[in-house]
Amino acid sequence: YIPFDDVDFRQLGQTEHSTHCPYKGDASYWSVLPAGDAGKDAMWAYERPFDEMTEIRNHGAFYPSKVTIEATPD
């Protein structure tokens, strides 16, 4: 999971898609806008995870088949 502070949300749009994990809670999804259909629902996050998983709050995860993750210099 990548901290939200390190995610460029200007390139993402939240979608209506959601899923449920019995261990983490409900996941929200974002699409990578410049990628069109190929970037649909590429990132997910548990905005309100269960109490046992609070360390993933404000963190996103990406499908590696839909994105390339690069570190940028500070």
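Residues numbered from 1 in each chain as written. Predicted model: local features only at pLDDT ≥ 70, side-chain atom pairs only at ≥ 80, totals over all residues. Heavy atoms only, no water.

Give me the lowdown on the confidence of the model for the chain, citing residues and values where you can.
Parts of the model with low pLDDT should not have their predicted coordinates read in detail. This prediction gives the chain a mean pLDDT of 93; 99% of its residues lie at or above 70. Averaged over each element, pLDDT in the chain is lowest for strand 1 (residues 2–3) (95) and highest for strand 4 (residues 43–45) (98). (pLDDT = per-residue confidence, 0-100. Helix = DSSP H or I, 4+ residues; strand = E, 2+ residues; numbered from the N terminus.)

Could you give me a rundown of the pairing of strand 5 (residues 59–62), with the residues and numbers involved?
On strand 5, burial covers both faces: His59 and Ala61 on one face and Gly60 and Phe62 on the other are all buried. Where strand 1 meets strand 5, two bridges bridge the pair, whose relative direction is antiparallel. Paired with isoleucine 2 across the strands is glycine 60, a residue of strand 5. (Buried < 20%, exposed > 50% of the residue type's maximum accessible area, 1.4 Å probe, protein only. Pairing = 2+ DSSP bridges.)

Tell me about the nonpolar core, and name the residues and values.
Counting 10 residues, the largest nonpolar core consists of Phe4, Val7, Leu12, Trp30, Val32, Ala42, Met43, Ala45, Phe62 and Val67. Only strand 3 (25–32) and strand 4 provide two or more residues apiece to this core. Setting aside its immediate chain neighbours within four residues, methionine 43 contacts Phe4, Val7, Phe9, Leu12, Ser28, Tyr29, Trp30, Gly60, Ala61 and Phe62. Membership of the second largest hydrophobic core comes to eight residues, among which are Ala27, Tyr29, Tyr46 and Ile56. (Core = buried A, V, L, I, M, F, W, Y, C linked by side-chain atoms within 4.5 Å. Contact = heavy atoms within 4.5 Å.)

Summarise the pattern of salt bridges; cite the residues concerned and give the values.
As a working rule, side chains carrying opposite charge can pair if their charged atoms are close by. Tallied over the entire structure, the rule returns one salt bridge. Two residues, arginine 10 and aspartate 8, come together in a salt bridge whose shortest N-O distance is 2.9 Å. (Salt bridge = Lys/Arg side-chain N within 4 Å of Asp/Glu carboxyl O.)

A description of the environment of serine 18 should follow, citing residues and the corresponding values.
By secondary structure assignment, the location of serine 18 is in strand 2 (residues 12–21). Note: C-alpha distance between serine 18 and threonine 54 (36 residues apart in sequence) is 18 Å. Contact partners of serine 18, with chain neighbours within four places excluded, come to Ala27 and Tyr29.

I'd like a description of the sheet that holds strand 2, backed by residues and values.
Spatially, five strands are ordered 1-5-4-3-2 in an open sheet, and the strand pairing comes out antiparallel. Only two strands of the sheet have a single partner each, and these edge strands are strand 1 and strand 2.

I'd love a proper account of the side chain of serine 28, names of residues and values included.
In this structure, serine 28 sits in strand 3. Separated by 2.7 Å, the side chains of serine 28 and glutamate 47 make a polar contact. Sequence-distant contacts of serine 28, defined by excluding residues within four places in its chain, comprise Gln14, His17, Met43, Trp44, Ala45 and Glu47. (Polar contact = N/O pair within 3.5 Å; in protein donor to acceptor, adjacent residues only side chain to side chain.)

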